[in-house]
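# Chain and residue survey
What follows is the residue order along each chain.
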Amino acid sequence: MIYKRKSNRIKPVSILFIISMLVLFLAGTIYLISSNEENYMMPDRIRGAVVEASRFSSHGRINEMSSVAAPIAIPPFTREMHIAEITDTQYLKLVNRDLAITNHTCHTRLTTVWPDMNVSGVNVKLHETAFYAMGELFAHAQSSGINDLFIASGYRSHEDQSRLYVNMANSDYVMPPGHSEHQIGLAADILSGDGSSSMRGSAEAAWLRENAPDFGFILRYPEDRQHITGVPYEPWHFRYVGRLHAWYMGIHSFVLEEYIEYLKENDVIRTEFDGNIYYILYQTPHDGIIFVPENMNFWVSSANTGGYIVTTWR
Ligand SMILES: [Zn+2]
């Protein structure tokens, strides 16, 4: 019997078929990997980041800084959060001549400052967090030989601000009601001695400007930034933003307006501070949703610009 062996030769059609299958398989794998990566990060958001490394001298001040734009491993900002669920710390809330607070009822926890922090006899209140930070700043001042500081003004209600605005008509220093940081309880006017001096050029003002950031406060209206802040130099007015942001703004020489703009322009900021790695991310909500990290510490502050800033660390 003649047995015709089946040819082992593979037909060109089969080769084509195998190649197409391989191409499809590879394309599928690449798609799966890339879509996973996209899920891992926040869609359409993170393309690169400002990565900073910092070194501190023995007394905790920065003495070297490098900054590069580079792709980095971002913690997964995968948890959706509706803005209605956010506990808004307000620490980075921009309140100025252009941006008013929208809610005139203060919901922050206010604390009356200790009598020795306020010799003026007025009942001064601050946001609880700013109050504790201010207590530490005052203790540090005392240990540095600066004993006569006091808080002349802290939290102001809408009515307080309205009254002040009317009484100080045409003053560049007093904001219209709704436009003062004092109304969120995170600003304090610090004076010294009997309060009659403006602090301008004083050793106390220089000391405060230098040391307040270590306790989370920034000099809000520096001498050279009136064109940005809209307010003349106020050596007495300090605003709580938290230690990380006060430090960050200090090394970049930003006022709050510039800092918010900087955060808006950058996708994410990664920075080392005090032994932790921080990620700072400005987000504009879509359908009322922003993204926060899974299983990490974070806090959120509205910027009052339509966006929210998430500060997260590990
Ligand atoms: Zn003030």
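About the criteria used
- Residues numbered from 1 in each chain as written.
- Predicted model: local features only at pLDDT ≥ 70, side-chain atom pairs only at ≥ 80, totals over all residues.
- Helix = DSSP H or I, 4+ residues; strand = E, 2+ residues; numbered from the N terminus.
- Buried ≥ 20, exposed ≤ 12 C-beta atoms within 10 Å, placed from the backbone.
- Contact = placed C-beta atoms within 7 Å.
- Pairing = 2+ DSSP bridges.
- Axes fitted to C-alpha atoms, helices over the stretch in contact; angles between N-to-C directions.
- Core = buried A, V, L, I, M, F, W, Y, C linked by C-beta atoms within 7 Å.
- pLDDT = per-residue confidence, 0-100.
- Expected span 1.5 Å × (residues − 1).
- Arc of directions from axis to C-beta.

### Things to note about the overall build of the chain
Each helix and strand counted, the chain has seven helices and 14 strands in total. Considering the chain as a whole, with its 314 residues, one finds that 33% of them fall into the buried category. Contacts in the chain between residues far apart in sequence, at least 24 positions, make up 67% of those at least 6 positions apart.

### Concerning the environment of Gly307
By the secondary structure assignment, Gly307 is in the loop between β13 (297-302) and β14 (308-313). The class of Gly307 is partly exposed, set by 18 C-beta atoms lying within 10 Å. With near-sequence residues (within four places) excluded, Gly307 lies in contact with Lys264, Tyr282, Gln283 and Thr284.

### Section: unusual backbone geometry
Its identity is not glycine, yet Ser253 carries a phi of approximately 60°, on the positive side. Tracing the chain through its elements places Ser253 in the loop between α6 (243-252) and α7 (256-265). On the basis of neighbour count, Ser253 is assigned to the exposed category, with 10 C-beta atoms found within 10 Å. For Asp274, which is not glycine, the phi torsion reads 55° and is therefore positive. Along the chain, the position of Asp274 falls in the loop between β10 (269-273) and β11 (276-283).

### Section: the sheet that holds strand β7 (residues 187-192)
Read across the open sheet, the four strands follow the order β6-β7-β9-β8; overall the sheet is antiparallel. In this open sheet, the two edge strands, each paired with only one partner strand, are β6 (149-153) and β8 (217-219). Neighbour-to-neighbour, the strand axes of the sheet open up by a mean angle of 40°, direction not taken into account. Relative to β7, β6 is paired through four bridges, and the arrangement is antiparallel. Within β7, the position partnered with Leu149 by the bridge is Ser192. The strands touched by helix α2 (residues 128-143) within the sheet are β6, β7, β8 and β9 (237-240), with β9 carrying the most contacts at an inclination of about 125°.

### Here we look at the nonpolar core
By size, the foremost hydrophobic cluster in this structure holds 63 residues, and its most contacted members are Met134, Phe217 and Phe238. Here this core gets seven residues from one element, more than from any other, and that element is α2.

### Looking at the confidence of the model for the chain
When pLDDT is averaged along the chain, the result is 81; 75% of the residues meet or exceed 70. Under a pLDDT of 50 for its full length, residues 31-48 has, in the predicted model, 16 contacts with residues more than four places off or in other chains.

### Digging into α2
Within an α-helix, residues lying three or four positions from one another point in the same direction, as the helix has 3.6 residues per turn. Between its first and last C-alpha atoms α2 spans 23 Å; for 16 residues at 1.5 Å apiece the expected length is 22 Å, and the two agree. Every buried residue belonging to α2 is among Ala130, Phe131, Ala133, Met134, Leu137, Phe138 and Ala141, and all of these are buried. The buried residues of α2 all sit within an arc of 165° when viewed along its axis, so they share a single face. For α2, the exposed residues set more than 90 degrees away from the buried face come down to Glu136, Ala139 and Ser143.

### Here we look at the environment of Leu126
Looking at where Leu126 falls in the secondary structure, it is placed in strand β5 (residues 125-127). Each C-alpha atom, one on Leu126 and one on Ser153, is 9.0 Å from the other, the two residues being 27 residues apart in sequence. Not counting chain neighbours up to four residues away, the residues in contact with Leu126 comprise Leu110, Thr111, Val113, Phe131, Met134, Gly154, Tyr155, Gly185 and Ala188.

### A few points about α7
Among the residues of α7, Leu256, Tyr259, Ile260 and Leu263 are the ones counted as buried. Buried residues of α7, viewed axially, fall in a sector of 95°; they line one side. If you follow the buried residues of α7, they end up packed against α6, β10, β11 and β14.

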